[in-house]
Amino acid sequence: MDAHQRQFRNPFSMDTDCTNCSALCETREQVVHGYGDVGAEFLFVGEAPTGAAERTGVPFTGDEAGQRVQRILGDLGFVRSEPDADEPDVQNVFFTYLTRCRHPERGPTDNEVATCEPYLNAEIRMINPHIIVPVGQAALEALAFDYTTRAADSFDVDAEHATTIRGRGFELVPMKEPERLTDADAEAFVEHVRESVFGRDYRQTKGRQSR
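Residues numbered from 1 in each chain as written. Predicted model: local features only at pLDDT ≥ 70, side-chain atom pairs only at ≥ 80, totals over all residues. Heavy atoms only, no water.

### A short note on the side chain of His 192
Applicable threshold: Where helices and strands are cited, they refer to DSSP runs of H or I of at least four residues and of E of at least two residues respectively, numbered from the N terminus. For the exposure calls, accessible area comes from a 1.4 Å probe over protein chains only, and a residue counts as buried if that area is under 20% of its type's maximum, exposed if over 50%, partly exposed in between. Any two residues whose heavy atoms approach within 4.5 Å at even a single point are treated as in contact.
As for its placement among the helices and strands, His 192 is situated in helix 7 (residues 183-197). Taking relative accessible area as the criterion, His 192 reaches 14% and is therefore assigned buried. Those residues within four positions of His 192 in sequence are excluded, and the remaining contacts are Ala 162, Thr 163, Thr 164, Val 173 and Val 197.

Following this line, the structure appears as structure tokens:
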């Protein structure tokens with residue numbers, strides 16, 4: 001954690017009263033911006049807040065699926081609190097979403113993702129991570145479009161789960177949607193990160209332009 005960081009929750013003080021998407025403003029309970037260590041080398045990106053994350057205001061918390069992610073983060077040494085913590089005690093990790101508001105009856109539209117993109121781009125620029133973890137198919141396609149040379153629709157999160165994809169300036173390590181993660185999936189992800197990411201100097205990947 002940066003010595004000057006005062007809070008994990010929305011540490012860049014992004015707009016919590018955003019009105020860019022009128023349909024979401026009418027239904028959301030709160031805007032859920034990123035959470036974590038502003039000097040993190042690892043960035044986890046999901047599609048949109050769940051109902052539980054909207055309640056806590058913190059990505060990947062508040063329900064069983066969020067606890068699965070928190071257990072993985074704990075196993076990797078990124079989280080020092082219990083998996084059911086609403087405000088995890090984190091180090092070297094930041095988690096966020098493509099879109100910051102939840103619609104109770106549907107997922108985000110392409111236009112809503114595009115409208116919210118400046119928030120994610122700003123977080124990526126300020127954090128400057130080495131490894132980005134797209135959580136779920138939607139996040140994988142969005143990040144693959146921006147940071148790899150392959151067509152976004154050529155990626156399948158089930159096939160790419162717990163693998164490393166070299167991109168433009170970052171490496172992507174995809175993860176299945178938390179609600180679909182089995183114990184075997186979680187073990188495979190942790191093992192891959194320990195052996196294939198921690199087991200080498202992943203910091204040297206910064207700036208690579210080829211896959």
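### Some details on the state of the cysteines
Disulfide: a covalent bond connecting the sulfur atoms of a pair of cysteines. To keep things clear, this is the line we draw: Criterion for a disulfide: a pair of cysteine sulfur atoms within 2.5 Å.
Going through the model one piece at a time under the given rule, you end up with zero disulfides. Note on Cys 18: no disulfide assigned, nearest cysteine sulfur contributed by Cys 101 at a separation of 6.2 Å. For Cys 18, a relative accessible area of 9% puts it in the buried group.

### Thoughts on the environment of Glu 82
Relative to the helices and strands, Glu 82 resides in the loop between helix 3 (64-75) and strand 3 (93-97). Along the sequence, Glu 82 and Asn 92 sit 10 residues apart, while their C-alpha atoms lie 17 Å from each other.

### What to know about the packing of aromatic side chains
Counted only if it meets this: Note on aromatic contacts: the rings of Phe and Tyr and the six-membered ring of Trp form a pair at centre separations within 6.5 Å, being stacked when their planes are under 30 degrees apart, edge-to-face when over 60 apart, and tilted otherwise. Charge over a ring is defined by NZ of Lys or CZ of Arg lying within 6 Å of the ring centre and within 35 degrees of the ring normal.
All told, the structure shown has 10 aromatic pairs when counted by the stated rule. Pairwise contacts between aromatic rings join Phe 8, Tyr 35, Phe 60, Phe 95 and Tyr 97 into one cluster. When the ring centre of Phe 155 is taken as reference, the NZ or CZ atom of Arg 150 above it lies at 3.7 Å.

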